[in-house]
Amino acid sequence: MTPDLAADAELAAKLARAAGRILLEVRGCDLLGGKPLGGAGDKVANTWLVETLRSLRPDDGLLSEETKDTPDRLTKDRVWIVDPVDGTREFGESRWDWAVHVGLAVNGVAAAGAVALPDCTGPECENGRGLVFSSHAPVPLPAAQAVPRMVVSRTRPAPEALAVAEAIGAELVPMGSAGAKAMAVVRGQAEIYLHSGGQYEWDNCAPVAVAQAHGLHCSRIDGRPLHYNNQDTWLPDLLICRPEWADRVLEIVAGLALTPSTAR
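1. Details of the state of the cysteines
Point 1. Considering all chains together, one arrives at zero disulfides under this definition.
Point 2. Summary of cysteine pairing: cysteine 205 is not part of a disulfide, and the nearest cysteine sulfur, belonging to cysteine 218, is at 11 Å.
Point 3. A relative accessible area of 0% places cysteine 205 in the buried class.
Point 4. You can see cysteine 241 has no disulfide; the closest cysteine sulfur is in cysteine 218, sitting 8.2 Å from it.
Point 5. A relative accessible area of 0% means that cysteine 241 is categorised as buried.

As structure tokens, then:
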């Protein structure tokens, strides 16, 4: 029997939460730092996620950043798309803005998923530490700010994003991983996340599933729908934003003639 999407989203949330806790334990050992820590975290979390999904959803396909891809997933209607550490650099540098992504694409659509922010602190976090967002448990969006805020790469903001921000008078909010940026819009910390430097399917499948469930606009920056479980897993661009800003942002992007950046 095929699981329903609510059960899939609940599983995704449990997996993302557990992987986040594992990653915090790995980092808390204080034996590694920087790139070695990031690499170790990727491997440990990936093993947990992949082995658990293969055990609990043996009939589904699987695509993970840290596992060798095979064409078998292309024959499946249901494919789990996983990023064990989104923002490996931020994780290795002991920053908060990294995430765990567990998404499910059904017939190419981001249908269910969860994003964990294990190192997020604040009054809204579980036990004072960590947040998990699920497509099955959306929360009301906070009120939008009158002056829009746009999350961008903290090291290499894309020229398209900078041009849109200038056109609408948006405040730039530099941030690390794609998951952290997308969840900033869900959390009401920003109104717009526009990325044009290229990503892979695991970078945004889970964030898109969660963002859509919360009523946000999600598309390519030319307005086309996002499609997953492709043979080529590269996705050139992404827009996640409050629905009231979607038409205006898409209109501005359509008038731009910029060379896409390589920001991640």
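On we go.
2. Looking at the sheet that holds strand 7 (residues 171-175)
Point 1. Read across the open sheet, the five strands follow the order 7-6-8-12-10; overall the sheet is mixed. At either margin of the open sheet sits one strand with a lone partner, and together these are strand 7 and strand 10 (217-219). Along the sheet, successive strands turn relative to each other by an average axial angle of 20°, direction set aside.
Point 2. Here strand 8 (residues 192-195) pairs with strand 12 (residues 238-241) via four bridges, running antiparallel. In the sheet register, leucine 194 faces strand 12, and the bridge partner there is leucine 239.
Point 3. Against the sheet, helix 5 (residues 178-186) touches strand 6 (149-153), strand 7, strand 8 and strand 12, its axis set at about 150° to strand 8.

3. With respect to the pattern of salt bridges
Point 1. Applying the stated criterion across every chain, the model contains 14 salt bridges.
Point 2. For glutamate 244, the salt bridge identified is with arginine 242, shortest N-O distance 3.5 Å.
Point 3. Looking at arginine 242, the relative accessible area reads 8%, which means it is buried.
Point 4. Via salt bridges that share partners, Asp8, Arg57, Asp60 and Arg78 belong to a single interconnected network.

4. Structural notes on helix 1 (residues 5-28)
Point 1. Over its 24 residues, helix 1 extends 34 Å from the first C-alpha to the last, a length consistent with the 34 Å expected when each residue adds 1.5 Å.
Point 2. Among the residues making up helix 1, those that are buried are Asp8, Ala9, Leu11, Ala12, Ala13, Leu15, Ala16, Ala19, Gly20, Leu23, Leu24 and Arg27.
Point 3. Capping the start of helix 1, aspartate 4 holds a side-chain oxygen 3.2 Å from the backbone nitrogen of alanine 6, two or three residues further along.
Point 4. Positive backbone phi, approximately 60°, marks aspartate 30, located one or two places after helix 1.

5. Regarding the packing of helix 4 (residues 159-168) against helix 7 (residues 243-254)
Point 1. Across the interface, helix 4 lies against helix 7 with an axial gap of 10 Å and an inter-helix angle of 120°. Considered as vectors, helix 4 and helix 7 are oriented oblique to each other. Where helix 4 crosses over helix 7, the handedness of that crossing is right-handed. Here helix 4 contributes Val164, Ala167 and Ile168 to the contact with helix 7, which in turn contributes Trp245, Arg248, Val249, Ile252 and Val253.
Point 2. Taken together, the residues that form the contact of helix 4 with helix 7 break down as seven nonpolar, no polar and one charged.

6. Examining the environment of asparagine 46
Point 1. With respect to the secondary-structure elements, asparagine 46 resides in helix 2 (residues 34-56).
Point 2. Of the residues examined, asparagine 46 reaches a relative accessible area of 7% and is grouped as buried.
Point 3. Placed 19 residues apart in sequence, asparagine 46 and glutamate 65 show a C-alpha to C-alpha distance of 8.5 Å.
Point 4. For asparagine 46, the contacting residues outside a window of four places in its chain are Ser64, Glu66, Thr67 and Pro84.

7. Some words on the nonpolar core
Point 1. Formed by 37 residues in total, the largest nonpolar core has its most connected members in Ile81, Leu117, Met183, Tyr193, Val208, Tyr228 and Ile240.
Point 2. Elements with a contribution of two residues or more to this core: strand 2 (78-86), strand 3 (99-106), strand 4 (109-121), strand 5 (129-134), strand 7, helix 5, helix 6 (201-213) and strand 12.
Point 3. Other than its neighbours up to four places away in sequence, methionine 183 contacts Val115, Leu117, Phe133, Pro207 and Val210.
Point 4. Core analysis: the second largest hydrophobic core is formed by 26 residues, Ala9, Ala12, Leu37 and Ala112 among them.

About the criteria used
- Residues numbered from 1 in each chain as written.
- Predicted model: local features only at pLDDT ≥ 70, side-chain atom pairs only at ≥ 80, totals over all residues.
- Heavy atoms only, no water.
- Disulfide = S-S within 2.5 Å.
- Buried < 20%, exposed > 50% of the residue type's maximum accessible area, 1.4 Å probe, protein only.
- Pairing = 2+ DSSP bridges.
- Helix = DSSP H or I, 4+ residues; strand = E, 2+ residues; numbered from the N terminus.
- Axes fitted to C-alpha atoms, helices over the stretch in contact; angles between N-to-C directions.
- Contact = heavy atoms within 4.5 Å.
- Salt bridge = Lys/Arg side-chain N within 4 Å of Asp/Glu carboxyl O.
- Expected span 1.5 Å × (residues − 1).
- Polar contact = N/O pair within 3.5 Å; in protein donor to acceptor, adjacent residues only side chain to side chain.
- Parallel < 35°, antiparallel > 145°, perpendicular 65-115°, else oblique.
- Left-handed = near helix turned anticlockwise from the far one by under 90°.
- Nonpolar A, V, L, I, M, F, W, Y, C, P; charged D, E, K, R; others polar.
- Core = buried A, V, L, I, M, F, W, Y, C linked by side-chain atoms within 4.5 Å.

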